[in-house]
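# Structure at a glance
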Amino acid sequence: MASSRKKSPRITVTCAQEGCGKTQALRPSRLARCDGYVCGPAHGPEVPPGPGLVRELVMGAAGGFWGWRDVPADGELRTTAQRAHRLGLFALAQAVPAGQVEELVHGLVGPCGPGSRSILTVNEMSTGVGVDETGCLEIELPNVAAALRFMLDQGHTAGVLLRTFTDRTAYTTETGYPIPVKELRGWALRGGRLLPLTAAEVVDAHCTEAETGEPLPPERGVTYRDAWEVTCPAPPT
Ligand SMILES: [Zn+2]
């Protein structure tokens, strides 16, 4: 019997490198949302990431294409010790049931609506998270989401940021590549709860150099928004 499922439309991604012109067609659900896409790592963006940000390269973000996105940096957290801590956290988080992880991610990104794409950042860890057209969650790196749920249940303290891509263009790179505007919302993870932060609170926390307390310029291409209430079921006792 023939499938009644509609054939999903395909989108075409073009390499951001000026003069390259290579394209990649793929289903929208296969796209890990990034700031831009290139045919290979040699065709990366020429502009450096903004202050306080590091650039992540995502292999296979759009079929055979690579993606890049700029996420918050924390020099101190990128030490070997912190990496080991993160790996330990991932190992512990493996025990968290997938349903509990999805429940939490749904609370965070559900209000973004169907078809939305966001980047969820927990301390120094990031993952793409999306809601497809039917309302189903897409979690690019489930171990990052599981780590967040584990930290919530264990009463850890952390900063949680959600950057949601919009269809608006923030600015165009020197090579003519449009960088999308992202809406940024933040929560404080504390005492087994996710406390929504106002836009002003996020600007305050985000635009201050962690070590020196010096002000940083606001992140380029970002609109700060008030976060919503995320209802979390009580942690298991
Ligand atoms: Zn290229």
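Please refer to the structure higher up on the page.
Rules and cut-offs
Residues numbered from 1 in each chain as written. Predicted model: local features only at pLDDT ≥ 70, side-chain atom pairs only at ≥ 80, totals over all residues. Heavy atoms only, no water. Donors = N, O, S within 2.8 Å, 3.2 Å for Na, K, Ca; no water. Tetrahedral: all angles 85-135°; square planar, octahedral: opposite > 155°, others 65-115°. Pairing = 2+ DSSP bridges. Helix = DSSP H or I, 4+ residues; strand = E, 2+ residues; numbered from the N terminus. Core = buried A, V, L, I, M, F, W, Y, C linked by side-chain atoms within 4.5 Å. Buried < 20%, exposed > 50% of the residue type's maximum accessible area, 1.4 Å probe, protein only. Contact = heavy atoms within 4.5 Å. Axes fitted to C-alpha atoms, helices over the stretch in contact; angles between N-to-C directions. Salt bridge = Lys/Arg side-chain N within 4 Å of Asp/Glu carboxyl O. Expected span 1.5 Å × (residues − 1).

### Let's talk about the coordination of the zinc ion
Summarising the metal site, the zinc ion is bound by the protein donors Cys15 (SG), Cys20 (SG), Cys39 (SG) and His43 (ND1), whose distances to it range over 2.1 to 2.3 Å. Classification of the site at the zinc ion as tetrahedral follows from its 4 donor atoms and the range of 97 to 116 degrees in their angles at the metal.

### Focus on the pairing of strand S9 (residues 158–172)
In the sheet, strand S6 (residues 117–122) pairs with S9 via 5 bridges, with the strands oriented antiparallel. Along S9, the bridge assignment pairs Ser118 with Thr164.

### Looking at the nonpolar core
Residues Leu108, Leu120, Met125, Leu148, Trp187, Leu189 and Leu194 are the most contacted members of the largest nonpolar core, which totals 31 residues. Mapped onto this core, the elements with two or more residues apiece are helix H1 (80–93), helix H2 (98–109), S6, strand S7 (125–131), helix H3 (142–153), S9 and strand S10 (178–190). At 8 residues, H3 tops the list of elements feeding residues into this core. If we skip the residues at most four places from it in the chain, Trp187 touches Leu108, Ala158, Gly159, Val160, Leu162, Leu194, Leu195, Pro196, Leu197, Ala227, Trp228 and Val230. The next biggest cluster of nonpolar side chains, apart from the first, holds 17 residues, and it includes Cys15, Leu26, Ala32 and Cys34.

### As for the sheet that holds strand S4 (residues 53–62)
Here 3 strands make up an open sheet; going across it, the order is S3-S5-S4 and the pairing antiparallel. One side of each edge strand has no neighbouring strand; the edge strands of this open sheet are strand S3 (36–38) and S4. Between one strand and the next, the sheet's axes are offset by a mean angle of 30 degrees, whatever the strand orientation. Here 3 bridges tie S3 to strand S5 (residues 65–72), and the two strands are oriented antiparallel to one another. Residue pairing in the sheet places Tyr37 in a bridge with Gly67 of S5.

### Thoughts on the pattern of salt bridges
In total, this model carries 9 salt bridges according to the counting rule given. Asp35 is paired through a salt bridge with Lys182; the nearest N and O atoms lie 2.6 Å apart. Of this pair, Asp35 sits in the loop between strand S2 (23–26) and S3 while Lys182 sits in strand S10, placing them 147 residues apart in sequence. A single burial state applies to Asp35 and to Lys182, both of which are buried. Between Asp153 and Arg149 there is a salt bridge; the shortest N-O distance is 3.1 Å. With Asp153 and Arg149 both in helix H3, this residue pair falls 4 residues apart, about one helical turn. The network of salt bridges with common partners includes Arg168, Glu183, Arg185 and Arg225.

### Topic: H3
With 12 residues, H3 should cover 16 Å at 1.5 Å per step; its first-to-last C-alpha distance of 17 Å lies within 8% of that length. Within H3, 10 of the 12 residues are buried, leaving the element largely enclosed by the surrounding structure. Within the sequence span of H3, burial applies to Val144, Ala145, Ala146, Ala147, Leu148, Arg149, Phe150, Met151, Leu152 and Asp153.

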